Amino acid sequence: MIGATRFPDHANRWIVPASRRLRQLLRDEPTDLVISVSPLVSAHLAVRLGGVPRGATRWFAWVHDPLSDNPYFADRGWAAAILGRIEAMIARRASRVLVTTHALGERLERRYAMPPPVVLPCSYAAEELPPRQPATVRAHGQLVMAHVGTLYGHRSPVPILESLARLRGDGRLDGDDIRIRFVGSFEVAGESLDVLIARLGLLGIVTAEPPVSQADALRVLSEADCGLLLAEGQPLQVPAKTFEYIGMRKPIFALADGATAELVMRDGIGIACGRDQLDEALLALVAAWQSTRFAEFTEALDVAAARYEAGQVAQDVIYMLGGESGSTSVP
């Protein structure tokens, strides 16, 4: 539960000193442009309290996630209401709004009758990723899928674990066909992930491991054959780990809808499905691994990795700042 002391995020104590420092910087050195980036909403507030936009100084606000209608705050009435007002302020005051998905841009445009936001996707930093390793050959052609990070709200592992238990129970999947590693912190409907795994008879097939450092998290993903995304009920945003998977050339299995499912299927970098297709999608994933070691995704992952690398996204920002009028997405 989010508390007032950590609202709108853990950087809230930084807002006032940052806004004061920004005012000082703008007095001492005239600036054409200030860019703020969320999901740290505090960054947008610091820029606005710093008096931007003002005169010749423009403000570009890059919004990664929706503030109003964000499913994470759906049961936090006061927080959702304040975030909605912050979103409205950004839409009306920023010189230009940038978003990470077309779906979010269209919603903001409709809601606030504003100019179309520029779509600028998230990225990954190639230098932070571990060296690429050749595919691991395991006994029985076993597939290893990994998810690293916090599970909360709509990011629930329950459907995929129940599907795996069904497929094993009716003999459509063998116990040696697949392993799933969850590494991070977990909130699963009042019971620990360990208990859920045991209750579904998945001990030895699914593991729940404690949080690790970012470097170790990336190592876990590099050792897996496939990255798992859980993004149901988040139609306007794409989890950041999607781009780490792409950078490591890991095919994606996504239990998702909206923008996440659209990205995975449009770019041809994996399989995305809803709950009603989950059993068949898991079987298709295992079959693709056992028959081709995911060769059908290789070319698309290479293309996506080039597109979403941080250096390329930086070039896209430069292109946008070059004054390409009327463009609502970067190349």
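See above for the structure.
These notes cover the structure that comes with them.

Scoring rules and cut-offs
- Residues numbered from 1 in each chain as written.
- Predicted model: local features only at pLDDT ≥ 70, side-chain atom pairs only at ≥ 80, totals over all residues.
- Heavy atoms only, no water.
- Buried < 20%, exposed > 50% of the residue type's maximum accessible area, 1.4 Å probe, protein only.
- Helix = DSSP H or I, 4+ residues; strand = E, 2+ residues; numbered from the N terminus.
- Pairing = 2+ DSSP bridges.
- Expected span 1.5 Å × (residues − 1).
- Salt bridge = Lys/Arg side-chain N within 4 Å of Asp/Glu carboxyl O.
- Core = buried A, V, L, I, M, F, W, Y, C linked by side-chain atoms within 4.5 Å.
- Contact = heavy atoms within 4.5 Å.
- Polar contact = N/O pair within 3.5 Å; in protein donor to acceptor, adjacent residues only side chain to side chain.

## As for the pairing of strand β9 (residues 252-256)
Alright, step 1. Taking burial as the measure, the 5 residues of β9 include 5 buried ones, the bulk of the element.
Alright, step 2. Going residue by residue along β9, you find Ile252, Ala254 and Ala256 tucked away on one face and Phe253 and Leu255 tucked away on the opposite face as well.
Alright, step 3. Of the strand pairs in this sheet, strand β8 (residues 226-231) and β9 are connected by 5 bridges, and their pairing is parallel. The residue bridging Leu230 from the neighbouring strand is Leu255, located in β9.

## Quick look at helix α5 (residues 158-169)
Alright, step 1. Over its 12 residues, α5 runs 16 Å from end to end, which matches the ideal 16 Å to within 8%, given 1.5 Å per residue.
Alright, step 2. For α5, the set of buried residues is Val158, Pro159, Ile160, Leu161, Ser163, Leu164, Ala165 and Leu167.
Alright, step 3. Looking at the residues trailing α5, positive phi occurs at Gly171, about 85°.

## Looking at the pattern of salt bridges
Alright, step 1. Inspection of the entire model under this criterion finds 14 salt bridges.
Alright, step 2. Asp216 serves as the salt-bridge partner of Arg219, at 3.9 Å between the closest nitrogen and oxygen. Of the two residues, Arg219 and Asp216 both sit in helix α7 (residues 214-223), 3 residues apart, roughly one turn of that helix.
Alright, step 3. For Arg219, a relative accessible area of 37% gives the class partly exposed.
Alright, step 4. Its relative accessible area of 33% is what places Asp216 among the partly exposed residues.

## Re the nonpolar core
Alright, step 1. Grouped together as the largest cluster of nonpolar side chains are 70 residues, with contacts concentrated most on Met145, Leu161 and Phe253.
Alright, step 2. It is helix α10 (residues 278-292) that contributes the most residues to this core, 8 residues altogether.
Alright, step 3. Dropping the residues within four chain positions of it, Leu161 is found in contact with Phe182, Leu193, Leu196, Ile197, Leu200, Leu202 and Val206.
Alright, step 4. One finds Leu26, Leu45, Met89 and Leu108 within the second-largest nonpolar core, a separate group that totals 29 residues.

## Focus on the sheet that holds strand β1 (residues 33-37)
Alright, step 1. In spatial order, the strands read β1-β2-β3-β4; together these 4 strands make up an open sheet with parallel pairing. Lying at the two open borders of the sheet, with one neighbouring strand each, are β1 and β4 (118-119).
Alright, step 2. Sheet topology note: the β1/strand β2 (residues 58-63) ladder contains 5 bridges and is parallel. By the bridge assignment for β2, Val37 is matched with Trp62.

## Here's the deal with the environment of Ser156
Alright, step 1. Relative to the assigned elements, Ser156 resides in the loop between β5 (143-148) and α5.
Alright, step 2. For Ser156 and Leu255, which are 99 residues apart along the polypeptide, the C-alpha to C-alpha distance reads 9.4 Å.
Alright, step 3. A polar contact of 3.2 Å, which involves the side chain of Ser156, links it to the backbone nitrogen of Val158.

## Quick word on unusual backbone geometry
When glycine is set aside, most residues are seen to have a negative phi, and most peptide bonds are trans.
Alright, step 1. Along the chain, Val52 connects to Pro53 via a cis peptide bond; the corresponding omega equals 5°.
Alright, step 2. The residue Pro53 is located in the loop between α2 (41-49) and β2 in this model.
Alright, step 3. Backbone geometry places Arg293, a non-glycine residue, at a positive phi of 55°.
Alright, step 4. Within the secondary structure layout, Arg293 lies in the loop between α10 and α11 (298-308).
Alright, step 5. A residue is classified by how much of its surface remains accessible, and Arg293, at 32% relative accessible area, is partly exposed.
Alright, step 6. Despite not being glycine, Phe294 shows a phi value in the positive range, around 65°.
Alright, step 7. Of note, Phe294 is situated in the loop between α10 and α11.

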